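# Per-entry structural report
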Amino acid sequence: MLNFTVGPVQSSDNVRKIGGEQVPYFRTEEFSNIMLENERLIKKFSNSGENSRVVFITGSGTASMEASVINTLTREDKLLIVNGGSFGQRFAEICNIHELNYTEIKLESGCKLKSSDLEPYDNKGYTAFIVNVDETSTGVYYDLNLIHEFCKKNNLFLIVDAISSFLADELDMQKYEIDVMITGSQKALACPPGISVIVLRENALKRVQNTNPKCMYLDLKNALLNGERGQTPFTPAVGILLQINERLKEIEKNGGVESEIRKISSIANDFRNRIKDLPLKITSESLSNAVTPLSPLNVSAYDVFLTLKDKYDIWVCPNGGDLKEKIFRVGHIGDLTIEDNDKLILALKDMADKHLL
Ligand SMILES: *Cc1c(COP(=O)(O)O)cnc(C)c1O
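Residues numbered from 1 in each chain as written. Predicted model: local features only at pLDDT ≥ 70, side-chain atom pairs only at ≥ 80, totals over all residues. Heavy atoms only, no water.

## Observations concerning the packing of helix α2 (residues 29-46) against helix α9 (residues 238-253)
At a closest axis distance of 10 Å, the pairing of α2 and α9 adopts a crossing angle of 45°. Here α2 is positioned oblique relative to α9, judged by the angle of their axes. You can see that α2 and α9 cross each other, and the crossing is left-handed. Along the contact surface, α2 presents Phe31, Ile34, Met35, Glu37, Asn38, Leu41, Ile42, Lys44 and Phe45, while α9 presents Val238, Leu241, Leu242, Ile244, Asn245, Leu248, Lys249, Ile251 and Glu252. (Axes fitted to C-alpha atoms, helices over the stretch in contact; angles between N-to-C directions. Helix = DSSP H or I, 4+ residues; strand = E, 2+ residues; numbered from the N terminus. Parallel < 35°, antiparallel > 145°, perpendicular 65-115°, else oblique. Left-handed = near helix turned anticlockwise from the far one by under 90°. Contact = heavy atoms within 4.5 Å.)

Right, dumping it as structure tokens:
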């Protein structure tokens, strides 16, 4: 199978090889050193700064979304949540469960965030802003310059879910003054699912020390303390952390985060240029390099997903809910090449010839 989803995605040969080995015991100096190196490289690639820290949570991206919320926000906060799709909705649900005081900025599917969307909330006593910078469900990438300016003016604590965007789009935590950034192992990190990552800058670390979440497993105070020596409070997904280490070193060796972003962007642009004659419409006003959301003009989007899977051995991402028949998504992250695009384009052209597209 050729995998063009947004996660889990294809891994490099070296990362896959580690998956076939025995999982080592982890309360050792050797494993601690690997974890400290993981922290150092994530800090470097997110430009989070000297005094920032990284926590590795065993759990998918959603675990880190919830951990970030309950460890840095309290009922005294007044939150703004950008909700343009199912991942924005998920933040609203998390805040609802934890009885936090939030307002949703609801966006139509496919629409970008504009300054007029933020205006009503300017100078209204808000204290924090939560956004999925790439709303992966609809493939909409929000403008970090706009968000940064608004947060700076209103002195808002900024949480950015960059789960599908980190390593695919530029993301500089110091430049945009992002207090918390979240990512996951199965997106552009191109490792198996199971680990998510939280990067905390100084303000966030202060907030963690002053917050008492009603949850033991996701208490970041404990994780941060253990992390000082390269350890975790509980048994982590050891094998995936070793794979993350291999992958981070590969990125470093290949020229760092800039060249990784360039690679993903060139694969995305190549694909987008080559579908211009096909009966497909791009449904996002503002694209991330990570994913292209598409609406077929003649057939059901879900049928395109099924045909590609069953007849051409290619996975793309279907959508759920109201968008199921309308939109499918092609991911550009993971171990993909231009030659892989050739195969997908060939399949789509063949489908068009057979009136399956
Ligand atoms: C994938 C993703 C998540 C997390 O999903 P999990 O299934 O919990 O890993 C969260 N936010 C965004 C923007 C994502 O793309």
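## Description of α9
Think of an α-helix as turning once every 3.6 residues; residues three or four places apart then point the same way. For α9, with 16 residues, the first-to-last C-alpha span of 23 Å sits near the 22 Å given by 1.5 Å per residue. Within α9, twelve of the 16 residues are buried, leaving the element largely enclosed by the surrounding structure. Along α9, the residues classified as buried are Val238, Gly239, Ile240, Leu241, Leu242, Gln243, Ile244, Asn245, Arg247, Leu248, Glu250 and Ile251. In this structure, the buried side of α9 is in contact with α1 (13-19), α2, β2 (53-58), β10 (195-200) and α10 (256-274). (Expected span 1.5 Å × (residues − 1). Buried < 20%, exposed > 50% of the residue type's maximum accessible area, 1.4 Å probe, protein only.)

## A few points about the sheet that holds strand β15 (residues 328-331)
Pairing in this open sheet of four strands is antiparallel, and the strands run β11-β12-β15-β14 from one edge to the other. At either end of the open sheet lies a strand with only one pairing partner, and these are β11 (280-282) and β14 (317-318). Across two bridges, β14 lies against β15 in antiparallel orientation. Across the sheet, Pro318 pairs through a bridge with Phe328, a residue of β15. Across the sheet, α10 is in contact with β11, β12 (291-296) and β15; its angle to β12 comes to roughly 15°. (Pairing = 2+ DSSP bridges.)

## So, the pattern of salt bridges
Across all of its chains, the model carries 17 salt bridges by this definition. Two residues, Glu177 and Lys152, come together in a salt bridge whose shortest N-O distance is 3.0 Å. One end of the pair, Glu177, is in the loop between β8 (157-161) and β9 (180-184); the other, Lys152, is in helix α6 (residues 144-154), and 25 residues separate them in sequence. In this structure Lys152 comes out as exposed when scored by relative accessible area, which is 55%. Arg274 is the salt-bridge partner of Asp342, the closest N and O atoms lying 2.7 Å from each other. Of this pair, Asp342 sits in helix α12 (residues 338-353) while Arg274 is found in helix α10, placing the two residues 68 residues apart along the sequence. (Salt bridge = Lys/Arg side-chain N within 4 Å of Asp/Glu carboxyl O.)

None of the figures reported here should be taken as evidence of function without further support.
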